[in-house]
Amino acid sequence: RGGQQFPITIAGNTFMVTCPPHAVPGNKVRIVPPPPDPNQPPLPDGPGSPPTPSPPQPKREEQTFEVTVPNNVQGGSSFALLAGGVRVQVVCPVNAGPGQKIRFRLPLALTRKPKKQTALAAKRLSYDKDGWTRTVRVTDMKLQWIRMDENGGIDDLRNAKFDAEKSAYVRKLIFREGSDPRIRDGILTLVPAHEAVVDSKIRNDRGEVIVDYPEIADAQASNFESKADWFKKTCAQLAVEWNEGHMRINVRREHLLEDSVDAVMSLNRKDLRKMWRFEFIGEAGIDAGGLAREWFHLVSKEIFDPDMGFWLSSESNQMLMEVNPASKMIHSDYLVYYRFLGRVMGKAMFDGQLVAGHMVPFIYKHMLGWPISFKDLKVYDEDYYSNLQQVKQLADTGEDVEMILCMDFTTTVDILGDKQDVELVPGGADKPVTNDNYTEYFEACLKYRMMDRIKPQLNELMLGFFDVIPEPLLTVFDYQELELIMCGLPKIDMKDWREHTEYSGDYEQVGEDYPACVWFWEVVDSFDQEMKARLLQFVTGTSGVPSRGFAVLQGNDGNVRKFTIHGVSVGTCLYPRAHTCFNRIDLPSYETKDDLEEKLKLAVTMVATGFDIE
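Residues numbered from 1 in each chain as written. Predicted model: local features only at pLDDT ≥ 70, side-chain atom pairs only at ≥ 80, totals over all residues. Heavy atoms only, no water.

So, the overall build of the protein chain
Then, number 1: Check the secondary structure of the protein chain and you find 19 helices and 24 strands.
Then, number 2: For the protein chain, long-range pairs separated by at least 24 residues make up 64% of all intrachain contacts whose partners lie at least 6 apart in sequence.
Then, number 3: If you sum the accessible surface of the protein chain, you get close to 30,600 Å²; carbon and sulfur atoms cover 48% of it. (Helix = DSSP H or I, 4+ residues; strand = E, 2+ residues; numbered from the N terminus. Contact = heavy atoms within 4.5 Å. Areas by Shrake-Rupley, 256 points an atom, 1.4 Å probe, with all protein chains shown as cover.)

In structure tokens form, the structure reads like this:
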């Protein structure tokens, strides 16, 4: 506060500064440090000595923006806006209020550089309402999640109770040095989404900035192919040059996983960014790229195999893999394999290789540091989500939840056939679910299902992945794109897709000859490979195609559920909507092909953002 002192360090010297009486926290003040004592010799560089000042950095050119404070914003609170085509987060000065004009600055490189923004990216940006979005903070140019309300303002959720419609959590990974210098430790937690912050600078192993926010913002607005190219070029800048060292991975085919784990886990983080060459012992062959592709495919295929005990086929989608909570009961050294797989997935992305397993969406979101909300439970386990919704319906109608359901803050889990009750919060067995605390129960269920029950495995998977990939590098992707870049764009046989599609609802009688269905297939035929894969992700939950084709596409019950186009009226829903557990898309009977194409593209691309386009 004004009149108080605080310390600052300039060129290795610490000074006490008295805050001017009119200044408050967050204001900028200027000081003039005293000149150095000419009789005091300079201190030599060495342990305990202040470092030699770095050479002056070139002054960053900036552009000043003037905006009017929105009506619902008070001094000291944040609001979001578009400046130079970039969504930024601005803190309103404490002495300003609604209707007043304020100024802020942004790097000129950010606002002047032409954005290679796709038409869909521009349309998505205009629909960024009633959902979570990432902004850049003007104060430090770091990336932070905020929730936009239905009017385009920021929802202030800092002190709010859990809201099933609005609240979200983001994984936070704090790195720590481990006992083995080659392997870091870390602490994985869930934090409220608005507290999650990511640096917007990418540095090489010498600490030099090679990518800054303007370049990240440019890549974020690009199409998937351009993002992938940018990612590849940036990884090339981070790679260790061949003459600094390279690694040879020697494995026996009959002991592939065992030998691969020993080899990869013996490496330090710098080794993971070196060029790898592979040799299958006892086999002739020079690795010119083919052996590397084979190794990544075989190793990931084996570790994702449910028979190994590390992963399970998801109950909601048999083509997706989820972490097996019981893996700790099967393998004593189970955590090593998750750290190993994290490193393999990171190295595969870094080198442009592919892995063989498609994971449940919330794991991709954890890797990206994307918000996890109550709606993610519906995608993960629709039956479980529906049961929780019944609790809400009882409370909303005034029924006594505690009396009718007799539930407490526990959940029952099946560990290798053994049913066990697990407390969702400390003392959960003695805490009944009531009308007053059922949202707190929802919050506990979300945290348990999305992280707590597999936290040790997820912690190692993330640590291994970030041993290779710097987190800011991932901020250009959404979780669907991450699946595509890790597993590759699928090869889709359009004839097979159409032949094994069923029609229901308003389209049941006429089938594929109904005008909206004819237009649907014409539009899908015109899609590029990326958009076709996104449509599959939208309707089935994954970009993967069964090896035996669409004829054996499975639903969440393990039975064949073919791709289905369900006819509804435009009055029922304005945009197409998906039911991934049934592999079904509800397609309104639009009056024109252009209207169908616009709404379908928007629905398919917006699903990754979490925004409510309705």
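On we go from here.
Some details on unusual backbone geometry
Then, number 1: Positive phi outside glycine occurs at Met141, with the angle close to 60°.
Then, number 2: Locating Met141 in the fold gives a position in the loop between strand E7 (131-137) and strand E8 (143-148).
Then, number 3: Although it is not a glycine, Asn583 adopts a positive phi angle of roughly 55°.
Then, number 4: As for its position among the elements, Asn583 is in the loop between strand E23 (577-579) and strand E24 (584-588).

Some words on the sheet that holds strand E18 (residues 372-373)
For sheets, the rule is that strands pair by backbone hydrogen bonds, running either parallel or antiparallel.
Then, number 1: In spatial order, the strands read E10-E9-E18; together these three strands make up an open sheet with antiparallel pairing. With one partner strand each, in any of the chains shown, strand E10 (185-192) and E18 form the two edges of the open sheet.
Then, number 2: Examined bridge by bridge, strand E9 (residues 168-176) and E10 share eight bridges and lie antiparallel to one another. Paired with Arg176 across the two strands is Asp185, which belongs to E10.
Then, number 3: Contacts from helix H14 (residues 455-466) reach E9 and E10 within the one sheet, and its direction differs from that of E9 by about 65°. (Pairing = 2+ DSSP bridges. Axes fitted to C-alpha atoms, helices over the stretch in contact; angles between N-to-C directions.)

Observations regarding helix H11 (residues 382-396)
Then, number 1: Taking 1.5 Å of rise per residue, the 15 residues of H11 would be expected to cover 21 Å, and the 21 Å separating its terminal C-alpha atoms lies within 8% of that figure.
Then, number 2: Turning to H11, its buried residues number three or more, namely Tyr384, Tyr385, Leu388, Val391 and Ala395. Projected down its long axis, H11 carries its buried residues within an arc of 110°, all on one side. Counted as exposed and oriented over 90 degrees from the buried face of H11: Asp383 and Asp396.
Then, number 3: Just downstream of H11 lies Gly398, where phi reads positive at about 85°. (Expected span 1.5 Å × (residues − 1). Buried < 20%, exposed > 50% of the residue type's maximum accessible area, 1.4 Å probe, protein only. Arc of directions from axis to C-beta.)

Topic: the pairing of strand E19 (residues 410-415)
Then, number 1: Two elements, E19 and strand E20 (residues 418-423), share six bridges in a ladder whose sense is antiparallel. Along E20, the bridge assignment pairs Ile415 with Asp418.
Then, number 2: Counting the residues in the hairpin turn of E19 and E20 gives two residues, including Leu416, whose phi is positive at 55°.

Comments concerning helix H19 (residues 593-606)
Then, number 1: Given a rise of 1.5 Å per residue, 14 residues ought to cover 20 Å, and the 20 Å separating the end C-alpha atoms of H19 matches this to within 8%.
Then, number 2: Three or more residues of H19 are buried, namely Leu596, Lys599, Leu600, Leu602, Ala603, Val604, Thr605 and Met606.
Then, number 3: With a side-chain oxygen lying 3.1 Å from the backbone nitrogen of Asp595, the N-terminal cap of H19 falls on Thr592. (Polar contact = N/O pair within 3.5 Å; in protein donor to acceptor, adjacent residues only side chain to side chain.)

Examining the confidence of the model for the protein chain
If pLDDT is low for a region, its predicted coordinates should not be looked at in detail.
Then, number 1: Residue-level pLDDT values for the protein chain average 84, and 85% of them are 70 or greater.
Then, number 2: For the protein chain, per-element mean pLDDT is lowest for helix H2 (residues 119-126), which scores 50, and highest for H14, which scores 97.
Then, number 3: Note on residues 37-57: pLDDT is under 50 here. Beyond four places in sequence and across chains, it has seven contacts. (pLDDT = per-residue confidence, 0-100.)

Points about the packing of aromatic side chains
Then, number 1: Per the counting criterion, the structure on display carries 26 aromatic pairs.
Then, number 2: Ring plane angle 70° and centroid distance 6.1 Å describe the contact between Phe278 and Phe296, whose orientation is recorded as edge-to-face. On the criterion of sequence distance, the pair formed by Phe278 in strand E15 (residues 275-280) and Phe296 in helix H6 (residues 290-304) is long-range, its members being 18 residues apart.
Then, number 3: Their ring planes at 15° and their centres at 5.0 Å tell us that Phe374 and Phe442 sit as a pair that is stacked. With a gap of 68 residues between them, Phe374 in the loop between E18 and helix H10 (375-380) and Phe442 in helix H13 (residues 438-450) connect regions that are remote in the sequence. (Phe/Tyr/Trp six-rings, centres within 6.5 Å; stacked < 30°, edge-to-face > 60°.)

Regarding empty space enclosed by the protein
Then, number 1: Following the criterion strictly, the structure yields one cavity of 30 Å³ or more and no others.
Then, number 2: As for the largest cavity, its lining consists of Ser316, Lys378, Val379, Tyr380, Asp381, Glu382, Thr580 and Cys581.
Then, number 3: For the lining of the largest cavity, the element with the highest residue contribution is H10, accounting for three residues.
Then, number 4: A class-by-class count of the residues in the lining of the largest cavity yields three nonpolar, two polar and three charged. (1 Å grid on protein atoms, 1.4 Å probe; cavity = no way out; pocket = protein on both sides within 12 Å on 5 of 7 lines; lining within 4 Å. Points joined across faces, edges and corners; volume = space filled by probe spheres on them. Nonpolar A, V, L, I, M, F, W, Y, C, P; charged D, E, K, R; others polar.)

A look at the nonpolar core
Then, number 1: Core analysis: the largest hydrophobic core is formed by 133 residues, its most contacted members being Phe231, Trp295, Trp311, Ile363, Met367 and Met486.
Then, number 2: Top element by residues in this core is helix H8 (residues 334-351). It accounts for 10 residues.
Then, number 3: When residues no more than four places from it in sequence are discounted, the contact partners of Met367 are Arg171, Met345, Met359, Met462, Phe465, Phe466, Leu474, Leu482 and Met486.
Then, number 4: Counting residues in each nonpolar core, the second largest holds 28 residues, with Met494, Cys517, Tyr590 and Ala603 among its members. (Core = buried A, V, L, I, M, F, W, Y, C linked by side-chain atoms within 4.5 Å.)

Notes on the pattern of salt bridges
Then, number 1: Per the counting criterion, the structure on display carries 37 salt bridges.
Then, number 2: A salt bridge links Arg253 to Glu294, with the shortest nitrogen-to-oxygen separation between them at 2.9 Å. Note that Arg253 is positioned in the loop between strand E14 (246-251) and helix H5 (256-264) and Glu294 in helix H6, a separation of 41 residues in sequence.
Then, number 3: Owing to a relative accessible area of 33%, Arg253 belongs among the partly exposed residues under this scheme.
Then, number 4: Residue Glu294 is classed as partly exposed on the basis of its relative accessible area of 29%.
Then, number 5: Where Lys593 meets Glu522, a salt bridge forms, and the shortest distance between an N and an O atom there is 3.2 Å. Of the two residues, Lys593 is situated in helix H19 and Glu522 in helix H17 (residues 515-526); the sequence distance between them amounts to 71 residues.
Then, number 6: In the salt-bridge network here, residues are joined through shared partners; they are Arg184, Arg339, Arg343, Glu460 and Asp467. (Salt bridge = Lys/Arg side-chain N within 4 Å of Asp/Glu carboxyl O.)

What about the sheet that holds E24?
Then, number 1: Read from one edge to the other, the open sheet built from four strands follows the order E21-E22-E24-E23, with strand pairing classed as mixed. Every other strand in the sheet has two partners, leaving strand E21 (501-505) and E23 as the edge strands with one partner each. Each strand axis lies, on average, 25° off the axis of its neighbour in the sheet, ignoring direction.
Then, number 2: Bridge analysis of E21 against strand E22 (residues 563-568) gives five bridges, and the strand direction is parallel.

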